[in-house]
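# Descriptive analysis of the structure
Next come the chains, spelled out residue by residue.
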Amino acid sequence: MHTVTCIAPVNIALIKYWGKRNEELILPINDSISMTLNANEMCAKTTISSWETFKANRMWLNGEEVTFEENARLMRCLDGVRRLAVANGALKVPLNWKVHIASRNNFPTAAGLASSAAGYACLVYTLARLYGIPINEELTAVARQGSGSACRSLYGGFVRWHSGVLDDGSDSVAKQVVSPDHWPNMHILILVVNDARKKTPSTKGMQRAVTTSALIQHRAKVVVPRRTEELTEAIQLRDFNSFAEITMKDSNQFHAIALDTYPPCVYMNDVSHSIVNFVHAYNEAVGSLQAAYTFDAGPNACLYVLEENVPQLLAAIQLAFPNDLVPSVEYLRGIQVPNFGS
Ligand code: PMV
C-alpha cells in the first residue's frame, strides 16, 4: 500500500473570483488575487492510500463518508492528476489501483472561509505526491476544476489566478506574485461572526449572478483588470495604504454584485456591516489605513493588518465589540491569538 499525507492552507481573496464563463471546466470571467495563509494555520489535511485490493475510490470528509465516483469534480481532479502522471512518466503507483481519501479541515466547512479552496488544493497536491509529480501551473489547472479558488492555494504568498482566454482552460492557471517572505509582517485576523454553512453555495450564487446581474460584466471587463494591476503593484511595493483601499473596495463590489443578483444573495449580516463601519472609523481615528476588511461568501470578516499594528487593532476590537457580538477572533497569520468570545 502507498500512503501520503499533506496539508494545504486556506487562501483569502483580495480581488474576488465571482462568475464563470465555463461551468464544467470552471473558467472564471475575471482574474483574482489572494494571499495564502501559513500552512499550519487554517488548513485541510488529507491522507490518501492506494492499494491493489481496494474495490472502489472512496472518500471521508471530516470523518463522514461522501460520494466519490458520482462526484464529477472529485473525479476530474483524480483523472487530471493521473493524466499528468502519465505525461510525466512518473508512475510511482499503478493507475488502476483505487484510492481511499480521508480529509479534515481544522476550521468550519462552507462558512465562507474558503474551505473548498484548501480542501481541493490538498486533494490535488496529495494525489500529485502519491503519483510523484511536481507542483506546476498544469497542476493548478487541475485543482481549479475541483473548486476555482483552490488553484491559488497551491502556492504560498500572494497568488494571481489568470482567467485565461482559451476555451480548453489550459491558460487558466495560478501563478505566484510574490513569495511569503516578500511581506512577512502582513497578517490576517479572522473574526468569526457565524460558522454555520452558507445560505447560497458559491456555485449557485455565481450562476445566478452571471445570468441576472446587470453590473457583473462591467466589473469583470473594466474594474477588475485595472484593480489587479494596481494591487500587484501595491504588493510589490509593500504599499499597505493602496493595498487596503483596493481590498476593501473589491470586497464591497463583490457584495454589491451579490445584492444585484436576482433574487439577491445576502452573505454579510448586521455584525459584518458593523465590522466594516468599525474598520473605517478605526482607520480614521489612527489617521491612516491600518486595517483592511474583506468578506467572502459568508458573514465572517478577514482583516489584513501589519504585525506592528496588531496589538492596537485587537485592543480596539475588544473595546468596540461586546463579546456576544463578535464570537471569536480565530486566527492571526503566524500567531494564534486568544479567543475572547463569550
Ligand atoms: O472556489 P469557490 O467556488 O469556493 O468560490 C470562491 C469565491 C470567493 O471565495 C467568494 C472569492 C474568491 O476568489 O475566493
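Residues numbered from 1 in each chain as written. Predicted model: local features only at pLDDT ≥ 70, side-chain atom pairs only at ≥ 80, totals over all residues.

### Describing the domain arrangement of the protein
One can read the domain layout of the protein as domain 1 (2–181) and domain 2 (186–332). With centres defined by C-alpha atoms, the gap from domain 1 to domain 2 works out at 24 Å. Counting residues at the interface gives 26 residues for domain 1 and 32 residues for domain 2. Within the residue set of the side of domain 1 that touches domain 2, elements represented by two or more residues are strand 2 (11–15), strand 5 (32–36), strand 10 (158–161) and strand 11 (174–178). Among the elements that line the side of domain 1 that touches domain 2, the one with the most residues is strand 2, at 4 residues. The residue makeup of the side of domain 1 that touches domain 2, split by class, is 18 nonpolar, 3 polar and 5 charged. (Domains from an automatic or database assignment. Contact = placed C-beta atoms within 7 Å. Helix = DSSP H or I, 4+ residues; strand = E, 2+ residues; numbered from the N terminus. Nonpolar A, V, L, I, M, F, W, Y, C, P; charged D, E, K, R; others polar.)

### Focus: helix 7 (residues 270–286)
Here helix 7 spans 24 Å end to end across 17 residues, near enough to the 24 Å set by a 1.5 Å rise per residue. Of the positions making up helix 7, those classed as buried are Ser-272, Ile-275, Phe-278 and Val-279. End-on view of helix 7: buried residues confined to an arc of 110°, all on one side of the axis. The exposed residues of helix 7 that point more than 90 degrees off its buried face are Asp-270, Asn-277, Ala-281, Glu-284 and Ala-285. Where the residues of helix 7 are buried, they touch strand 12 (186–192), strand 13 (291–295), strand 14 (301–306) and helix 8 (310–320). (Expected span 1.5 Å × (residues − 1). Buried ≥ 20, exposed ≤ 12 C-beta atoms within 10 Å, placed from the backbone. Arc of directions from axis to C-beta.)

### Some thoughts on the sheet that holds strand 7 (residues 58–61)
By definition, the strands of a sheet pair up through backbone hydrogen bonds, in either a parallel or an antiparallel sense. Spatial strand order, 1-6-9-7-8: 5 strands in an open sheet with mixed pairing. Strands at the two margins of the open sheet, each flanked by one partner only, are strand 1 (2–9) and strand 8 (64–66). This sheet shows a mean twist of 20° between the axes of neighbouring strands, independent of strand direction. Where strand 6 (residues 43–51) lies against strand 9 (residues 98–105), 8 bridges are found, and the strand directions are antiparallel. When the bridges of strand 9 are listed, Thr-46 appears paired with Ser-103. Taken strand by strand, helix 2 (residues 115–131) contacts strand 1, strand 6 and strand 9, and its axis lies near 145° from that of strand 1. (Pairing = 2+ DSSP bridges. Axes fitted to C-alpha atoms, helices over the stretch in contact; angles between N-to-C directions.)

### Points about the site of the ligand
Near the ligand lie 15 residues; those nearest to it are Ala-13, Tyr-17, Ser-149, Ser-202 and Asp-296. If you list the elements that add at least two residues to the shell around the ligand, you get helix 2 and helix 4 (202–212). When the residues that make up the shell around the ligand are grouped by side-chain class, the tally is 6 nonpolar, 7 polar and 2 charged. For the shell around the ligand, the two domains that each supply at least three residues are domain 1 (2–181) and domain 2 (186–332). (Near = placed C-beta within 6 Å.)

### Concerning unusual backbone geometry
Of the consecutive residues Tyr-262 and Pro-263, the connecting peptide bond is found in the cis state with omega at -10°. One can find Pro-263 in the loop between helix 6 (240–260) and helix 7. Here the phi dihedral of Asn-62 falls at roughly 50°; this positive angle occurs in a residue that is not glycine. Residue placement: Asn-62 occurs in the loop between strand 7 and strand 8. For Asn-62, a count of 14 C-beta atoms within 10 Å translates into the label partly exposed. Its identity is not glycine, yet Arg-238 carries a phi of approximately 50°, on the positive side. Mapped onto the elements, Arg-238 comes out in the loop between helix 5 (216–237) and helix 6. On the neighbour-count criterion, Arg-238 (13 C-beta atoms within 10 Å) is partly exposed.

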